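Chain by chain, the residues run as shown.
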Amino acid sequence: MSNGLVQRIGRGRVALALPLLGLVGMWAVFLGAQISDLYLQNGSNYGNWNAQQNEFHLSTYLFLIGVAILGLTSVTARRMARQLTTTALERAVRGFSLVAVFVALIIGAVFGVGNFMSNFMNNPFYPSSSGYVQPDELKRIFNVYIPILLDAAIMVFVIIRAFVNPVDEDEKGHESKERAHG
Amino acid sequence: MAKSAAVLAQRHLGLGYSVPIIGGVTALLLGLIISDVTHTRLDIWIWVLIHTILGSGMVMGTRYSTAAYNYSVGHGKRVGATKGARNLNLVLGIIWSAAVIIVSFSKASEAVQKLVVWPKEIVSKNQVLKTPLPPTIEPITSLRFLQDFVPAFVLIVLAGVGIYLLLLERTRNVK
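Residue numbers run consecutively from 1 along every chain, following the written order of its sequence. Naming scheme: in the order in which they are written, chains are lettered from A and ligands are numbered from 1. Side-chain atom pairs in this predicted model are given and counted only at pLDDT of 80 or more, local residue features only at pLDDT of at least 70, and totals for whole chains, interfaces and linings cover all residues.

## Some details on the nonpolar core
Alright, step 1. The biggest cluster of nonpolar side chains holds 57 residues, and the ones touching the most others in it are A:Ala15, A:Val158 and B:Leu155.
Alright, step 2. Here a strand is any run of E in DSSP of at least two residues, a helix any run of H or I of at least four, and the numbering for each starts at the N terminus. Counting only elements with at least two residues in this core, the list comes to α2 (11-38), α4 (58-81), α5 (88-119) and α6 (137-163) of chain A together with α2 (44-74), α3 (80-113) and α4 (142-170) of chain B.
Alright, step 3. Once residues within four sequence positions are removed from consideration, B:Leu155 is found in contact with B:Val48, B:His51, B:Val100, B:Val103, B:Ser104 and B:Lys107.
Alright, step 4. Membership of the second largest hydrophobic core comes to eight residues, among which are B:Val19, B:Tyr64, B:Ala67 and B:Ala85. What makes a nonpolar core is a set of buried Ala, Val, Leu, Ile, Met, Phe, Trp, Tyr and Cys residues, with links drawn between C-beta atoms within 7 Å. Here exposure depends only on C-beta density: within 10 Å of a residue's C-beta, 20 or more other C-beta atoms make it buried, 12 or fewer make it exposed, and intermediate numbers make it partly exposed, the C-beta atoms being placed from the backbone. Note on contacts: each residue gets a C-beta atom placed from the backbone, and two residues are in contact if those atoms are within 7 Å.

## Comments concerning the confidence of the model for chain B
Alright, step 1. The predictor rates its confidence in each residue with pLDDT, a number between 0 and 100. Residue-level pLDDT values for chain B average 86, and 88% of them are 70 or greater.
Alright, step 2. The ipTM value of the predicted complex is 0.84, and its pTM value is 0.84.

## A word on α6(A)
All names here are of chain A.
Alright, step 1. For α6, built from 27 residues, the straight-helix expectation of 39 Å at 1.5 Å per residue is met to within 8% by its first-to-last C-alpha distance of 38 Å.
Alright, step 2. At Ile146, α6 shows its largest bend, some 30 degrees, and a proline, Pro147, comes one to four positions later.
Alright, step 3. Buried within α6 we find Asn143, Val144, Pro147, Asp151, Ile154, Met155, Val158 and Ala162.
Alright, step 4. Taken together, the buried residues of α6 touch α4 and α5. Any helix carries an expected span of 1.5 Å times its number of residues minus one. Consider a residue and the seven residues that end there alongside the seven that start there; fitting an axis to each set, the bend is the angle between those axes.

## So, the environment of B:Arg144
Alright, step 1. Tracing the sequence through the fold places B:Arg144 in helix α4.
Alright, step 2. A sequence separation of 108 residues divides B:Arg144 from B:Asp36, and the C-alpha atoms of the two residues are 25 Å apart.

## Here we look at the packing of α2(A) against α5(A)
All names here are of chain A.
Alright, step 1. Between α2 and α5, the shortest axis-to-axis distance is 9 Å and the interhelical angle comes to 25 degrees. Judged by the inter-axis angle, α2 sits roughly parallel to α5. For the pair α2 and α5, the sense of crossing is left-handed. Every residue of α5 that contacts α2 at Gly12, Ala15, Leu16 and Pro19 is listed here: Leu89, Glu90, Val93, Phe96, Ser97 and Ala100.
Alright, step 2. Any residue outside Ala, Val, Leu, Ile, Met, Phe, Trp, Tyr, Cys, Pro, Asp, Glu, Lys and Arg is labelled polar, Gly included; the first ten of those are nonpolar and the last four are charged. Along the lines of polarity and charge, the residues of the contact of α2 with α5 split into seven nonpolar, two polar and one charged. Angular values range over 0 to 180 degrees, each being the angle between N-to-C directions of two axes fitted as lines to C-alpha atoms, with helices fitted over their stretch in contact. By the definition adopted for this analysis, an angle is roughly parallel if under 35 degrees, roughly antiparallel if over 145, roughly perpendicular if from 65 to 115, and oblique otherwise. Each crossing is labelled by how the near helix is turned from the far one, with a counterclockwise turn of less than a right angle marking it left-handed and a clockwise turn marking it right-handed.

## Observations concerning the environment of A:Met155
Residue and element names in this part refer to chain A.
Alright, step 1. Position of Met155 among the secondary structure elements: in helix α6.
Alright, step 2. Its 20 C-beta neighbours within 10 Å are what place Met155 among the buried residues.
Alright, step 3. Each C-alpha atom of the pair Met155 and Leu105 lies 6.2 Å from the other, and the pair is 50 residues apart in sequence.
Alright, step 4. Once residues lying within four places of it in the same chain are set aside, the contact partners of Met155 are Leu105, Gly108 and Ala109.

## Quick notes on the confidence of the model for chain A
All names here are of chain A.
Alright, step 1. Of all residues in chain A, 74% have pLDDT values of 70 or greater, and the mean over the chain is 81.
Alright, step 2. Confidence, read as mean pLDDT per element, is least for helix α7 (residues 175-181) in chain A (47) and greatest for α4 (94).
Alright, step 3. Of the regions scoring below 50 in pLDDT, residues 175-182 engages in three contacts with residues more than four places distant in sequence or in other chains.

## Comments concerning α4(A)
Alright, step 1. Counted at 1.5 Å a residue, the expected span for α4(A) with its 24 residues is 34 Å, and the 35 Å between its end C-alpha atoms agrees.
Alright, step 2. For α4(A), the buried fraction is high: 18 of the 24 residues fall into the buried class.

## A look at the environment of A:Gly66
Residue and element names in this part refer to chain A.
Alright, step 1. Structurally, the position occupied by Gly66 is in helix α4.
Alright, step 2. A C-alpha to C-alpha distance of 4.2 Å links Gly66 and Met26, two positions 40 residues apart in sequence.
Alright, step 3. Discounting residues that sit within four places of it in the chain, Gly66 has contacts with Met26, Val29, Phe30 and Ala33.

Shown next, in the form of structure tokens:
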């Protein structure tokens, strides 16, 4: 975070604006994900999903990037706000950044479970003589397994950054005060 | 001097309770009038205007109620009514923010789905196509961009700015 910006408008206001900018960023990336999904909809009108299963789903990764943007901006705001206790705005920003972290974690959990549920029991096998397109297992790993792993990694990162050892090395001067506040 | 400050604080308290309601009524009536005059479903830009009026009312209400609260705290008065006004605006602000964010995401999704034109052929449920028919994806024209995508983006920005201002006003010079 630019120190100049922090000095100009204040640490509290920057910490307040960060999750909101993250929200706008997430919205834009989600829009891109939905547009990229348009080109994967071959046949979904008729319940035949084989063509989609064998395509690389860029949208899954874009949704993941959106979740990561909100998570990272929220956790950055949370860490900035940890030492803000002077004014009412700063105390409010502390609470707001905590809510933003929770919202980011909830969206991350919904993404992970949604990705699992939409792909669970959705990998049909057809005999080679049937003429249907066979599922591509490698694509499935990239479309389903890796996004779920990355989502879990982002959530663990956000939780650890937000709630475990929340004081940076250069901020240890405030550590005793933080502990006193619980 | 002290008396005029008290009168001003009373006025702020009244406005703190009434401005969000006035804003809400204004926004709803505006929507109804436009709907009745044009005999159409409301354009998304009208919704943007409605949400802007609603949000402005809540920001102003928060500003007034916080000013009244500051006076009460600063002069050792009872804070029950002023605190109530602040809490009312906080709750309304949270509901408004959530509604605008949800509308923004749903309008963006709607705008994307408008780009898809499904093929007209009817296929029975028992028939599974081995070679699926792809839908047609229409280009994003400047008109479509202005009518569908920009309003959804304006709504998410409005939500962000609204939340920012609501928190700033709620904590303005609070003791």
